[in-house]
Amino acid sequence: MLAGPTAVGKGTVAADIRRRYEQIWLSVSVTTRPARPGEENGVHYFFVDEAEFDELAATGQLLEWAVVHGRHRYGTPRAAVEQVLAEGRPALLEIDLQGARQVRQNMPDAFFVFLKPPSLDELVRRLVGRGTEDSEERARRLRTAEVEMAAESEFDVSIVNEDVRQATDELVSWMGLTPTNPVDSHR
Ligand code: 5GP
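Analysis parameters
Residues numbered from 1 in each chain as written. Predicted model: local features only at pLDDT ≥ 70, side-chain atom pairs only at ≥ 80, totals over all residues. Heavy atoms only, no water. Core = buried A, V, L, I, M, F, W, Y, C linked by side-chain atoms within 4.5 Å. Buried < 20%, exposed > 50% of the residue type's maximum accessible area, 1.4 Å probe, protein only. Helix = DSSP H or I, 4+ residues; strand = E, 2+ residues; numbered from the N terminus. Contact = heavy atoms within 4.5 Å. Near = heavy atom within 4 Å. Polar contact = N/O pair within 3.5 Å; in protein donor to acceptor, adjacent residues only side chain to side chain. Areas by Shrake-Rupley, 256 points an atom, 1.4 Å probe, with all protein chains shown as cover. Nonpolar A, V, L, I, M, F, W, Y, C, P; charged D, E, K, R; others polar. Phe/Tyr/Trp six-rings, centres within 6.5 Å; stacked < 30°, edge-to-face > 60°. Lys NZ or Arg CZ within 6 Å of the ring centre and 35° of its normal.

Trainee: Please clarify how the nonpolar core should be interpreted in this entry.
Mentor: In a soluble, globular protein the nonpolar side chains are often hidden away together inside. Residues L2, V13, I17, L92, L115 and L171 are the most contacted members of the largest nonpolar core, which totals 20 residues. Within the residue set of this core, elements represented by two or more residues are helix 1 (10-20), strand 8 (113-116), helix 5 (120-129), strand 9 (157-160) and helix 7 (164-174). Among all residues touching I17, those that are not within four sequence positions of it are E22, I24, L26, L92, T168, L171 and V172.

Trainee: For this particular structure, what's the right way to read the site of the ligand?
Mentor: Within the structure, the ligand sits among 17 residues, and S29, R33, Y45, Y74 and E94 are positioned closest to it. With respect to the ligand, the side chain of T76 contributes an N or O atom lying 3.3 Å from an oxygen atom. Contacts to the ligand include E94, whose side-chain N or O atom sits 2.6 Å from an oxygen atom. Burial of the ligand by the protein amounts to 94% of the accessible area it has alone, namely 510 Å². Those elements that place two or more of their residues in the shell around the ligand are strand 5 (62-68) and strand 6 (72-77). Partitioning the shell around the ligand into residue classes produces five nonpolar, five polar and seven charged.

Trainee: Any chance you could explain the packing of aromatic side chains here in plain terms?
Mentor: To describe a pair of aromatic rings, you give the distance between the ring centres and the angle between the ring planes. Under the criterion given, the structure shown has five aromatic pairs. Considering the side-chain rings of F53 and W65, the 5.7 Å spacing of their centres and the 75° angle between planes classify their relative orientation as edge-to-face. Of the two residues, F53 is situated in helix 2 (residues 50-58) and W65 in strand 5; the sequence distance between them amounts to 12 residues. A relative accessible area of 0% means that F53 is categorised as buried. Pairing F114 with F155 gives two aromatic rings, centres 5.0 Å apart and planes at 55°, and the pair type is tilted. Of the two residues, F114 sits in strand 8 while F155 sits in the loop between helix 6 (135-149) and strand 9, which places them 41 residues apart along the sequence. An aromatic cluster is present here, built from Y45, F47 and Y74 joined pairwise through their rings. When the ring centre of F112 is taken as origin, the NZ or CZ atom of R104, which lies over that ring, is 4.2 Å away.

The following block contains the structure:
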């Protein structure tokens, strides 16, 4: 289970896992947020409307869900996670802090990894640099990030996301897998 403040690069680490570690199953969340350019339904998220999300939550089909940044809802489809775990395959959930706390209640054996930025200043820089959100949305996300940074001690381990490939490999090691050689393969 990978969590951490907004814009720390959880999504980038997840994308690197998807690209380099096919053996790791990545949970695909449902969200009421509209798709960004380049995002594919069923790959990055399942994009649903409010009524569909209500139905999933009400019928117990979500392992956890949360309103993130005070705006859109995000949740983890329960059945897929349970099936993958039953098969004994390594599974990764990339979710926000509120979701992580719910997973801790429901799945106490899960391993919790906190991805953190080299510094709060760097986090702010990444937050502004992404450029996909308007200024009001960025301010909202920054407030969330400050609160989330304070939650590090709730996690089993922390990984500093200085370099994405290095962070990914550290995560993979914690999952009990052997990291591939990330640097050489790109030279
Ligand atoms: P974004 O809109 O940038 O894709 O994601 C915003 C935040 O939602 C990220 O911090 C991400 O970790 C979180 N998130 C994505 N999927 C889930 C989920 O299934 N459950 C929860 N609780 N948070 C999620």
